[in-house]
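Spelled out, the chains give:
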Amino acid sequence: EAGVAQSPRYKIIEKRQSVAFWCNPISGHATLYWYQQILGQGPKLLIQFQNNGVVDDSQLPKDRFSAERLKGVDSTLKIQPAKLEDSAVYLCASSQGLAEGYEQYFGPGTRLTVT
Amino acid sequence: KQEVTQIPAALSVPEGENLVLNCSFTDSAIYNLQWFRQDPGKGLTSLLLIQSSQREQTSGRLNASLDKSSGRSTLYIAASQPGDSATYLCAVRGARQLTFGSGTQLTVLP
């Protein structure tokens with residue numbers, strides 16, 4: 001079974017530029033998550049989708065971050081404009097469903113450096 | 001708001017030693033607790049998942065325990081090897097989301 005795929009793996013941009021990350025979850029997984037992991041910290045949930053609907057985006061900085069999940073499969077996370085403090089690893093995860101018993105599977109992440 | 005703390009932040013041990021990593025959480029109303037491994041530049045690999053009704057889980061040289069009432073979990077690694085060097089994260093599943101600790105960076109010296 002193929003895992004969660006993310007691209008690009010690395011991205012370096014200047015502040016005020018825009019960037020987009022892509023995630024392809026495990027086939028058949030209805031729930032998709034985006035996390036932000038700042039160096040030395042644990043991952044923090046940004047947004048959670050169930051199929052193509054948003055379940056929780058309470059921790060997403062909506063003035064600069066946006067995300068969508070087209071057709072309930074792939075997802076894109078965008079930052080516009082980027083700030084220095086956005087430098088982090090962005091992790092995508094998926095699970096079969098929302099219920100608490102479903103395990104989340106993580107992709108390799110995209111490391112963003114904002115200069 | 002759930003808070004998860006991992007102590008120590010970093011640990012260095014000689015090869016072959018048994019070791020314990022600690023995780024504590026503030027809200028005992030959890031559904032499960034998970035231990036992950038993260039290698040540099042990589043994503044998270046799930047090691048063990050303990051449901052709230054369970055006391056422990058074992059996989060190979062790893063044993064994780066859960067005391068929900070006291071808000072504590074431990075990950076025991078037996079006979080450590082240099083390949084065990086990584087950051088270990090614990091995460092608790094509440095009603096809404098998975099909350100992570102900051103991790104323990106483990107180095108096993110040959």
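Residues numbered from 1 in each chain as written. Chains lettered and ligands numbered in written order. Predicted model: local features only at pLDDT ≥ 70, side-chain atom pairs only at ≥ 80, totals over all residues. Heavy atoms only, no water.

Draft legend 1. Structural view of the sheet that holds strand 7 (residues 62-67) of chain B. All names here are of chain B. What the five strands build is an open sheet, ordered 1-3-8-7-6; its pairing is antiparallel. Looking at which strands have only one partner, the edges of the open sheet turn out to be strand 1 (4-7) and strand 6 (56-59). Direction aside, neighbouring strands of the sheet carry axes that sit 15° apart on average. Where strand 3 (residues 19-25) and strand 8 (residues 72-77) come together, six bridges link them in antiparallel fashion. Paired with leucine 21 across the strands is leucine 75, a residue of strand 8. (Pairing = 2+ DSSP bridges. Helix = DSSP H or I, 4+ residues; strand = E, 2+ residues; numbered from the N terminus. Axes fitted to C-alpha atoms, helices over the stretch in contact; angles between N-to-C directions.)

Draft legend 2. Just the nonpolar core, in detail. In terms of nonpolar packing, the biggest core is built from 22 residues, with Phe25(B), Leu33(B), Trp35(B), Leu75(B), Ile77(B), Tyr88(B) and Leu106(B) touching the most fellow members. Counting residues per element, the ones that place at least two in this core are strand 3, strand 4 (32-38), strand 5 (44-51), strand 7, strand 8, strand 9 (86-93) and strand 11 (104-109) of chain B. Among residues more than four places away in sequence, those in contact with Tyr88(B) are Gln6(B), Leu21(B), Phe36(B), Arg37(B), Leu47(B), Leu75(B), Ile77(B), Gly103(B), Thr104(B) and Leu106(B). Counting 21 residues, the second-largest nonpolar core is a separate cluster that includes Phe21(A), Cys23(A), Leu60(A) and Val114(A). (Core = buried A, V, L, I, M, F, W, Y, C linked by side-chain atoms within 4.5 Å. Buried < 20%, exposed > 50% of the residue type's maximum accessible area, 1.4 Å probe, protein only. Contact = heavy atoms within 4.5 Å.)

Draft legend 3. The arrangement of the pairing of strand 11 of chain B in detail. Residues and elements named next belong to chain B. Burial of strand 11 is one-sided: the residues Thr104, Leu106 and Val108 facing one way are buried, the residues Gln105, Thr107 and Leu109 facing the other way are not. When strand 9 meets strand 11, the two strands line up antiparallel, connected through three bridges. When the sheet's bridge partners are listed, tyrosine 88 is paired in strand 11 with threonine 104.

Draft legend 4. Structural view of the pattern of salt bridges. Residue and element names in this part refer to chain B. Under the counting rule described, the total for this entry stands at four salt bridges over all chains. Ionic pairing is found between arginine 37 and aspartate 39, a salt bridge with its closest N-O pair at 3.0 Å. The exposure class of arginine 37 is buried, given its relative accessible area of 17%. The class for aspartate 39 is partly exposed, based on a relative accessible area of 23%. (Salt bridge = Lys/Arg side-chain N within 4 Å of Asp/Glu carboxyl O.)

Draft legend 5. How the structure looks around the state of the cysteines. All names here are of chain B. By the definition in use, this model includes two disulfides over all chains. Covalent S-S linkage joins cysteine 23 and cysteine 90, the inter-sulfur distance amounting to 1.9 Å. Since a negative S-S torsion denotes a left-handed disulfide, the cysteine 23-cysteine 90 link at about 65° is right-handed. Of the two residues, cysteine 23 is situated in strand 3 and cysteine 90 in strand 9; the sequence distance between them amounts to 67 residues. You'll find cysteine 23 and cysteine 90 in the same group, each marked buried. (Disulfide = S-S within 2.5 Å.)

Draft legend 6. Fine view of the sheet that holds strand 8 (residues 75-79) of chain A. Residues and elements named next belong to chain A. In spatial order, the strands read 1-3-8-7; together these four strands make up an open sheet with antiparallel pairing. Every interior strand has two partners, whereas the edge strands, strand 1 (5-7) and strand 7 (65-68), have only one. Neighbour-to-neighbour, the strand axes of this sheet turn through a mean angle of 15°, independent of strand direction. Pairing geometry for strand 3 (residues 19-24) and strand 8, over five bridges, is antiparallel.

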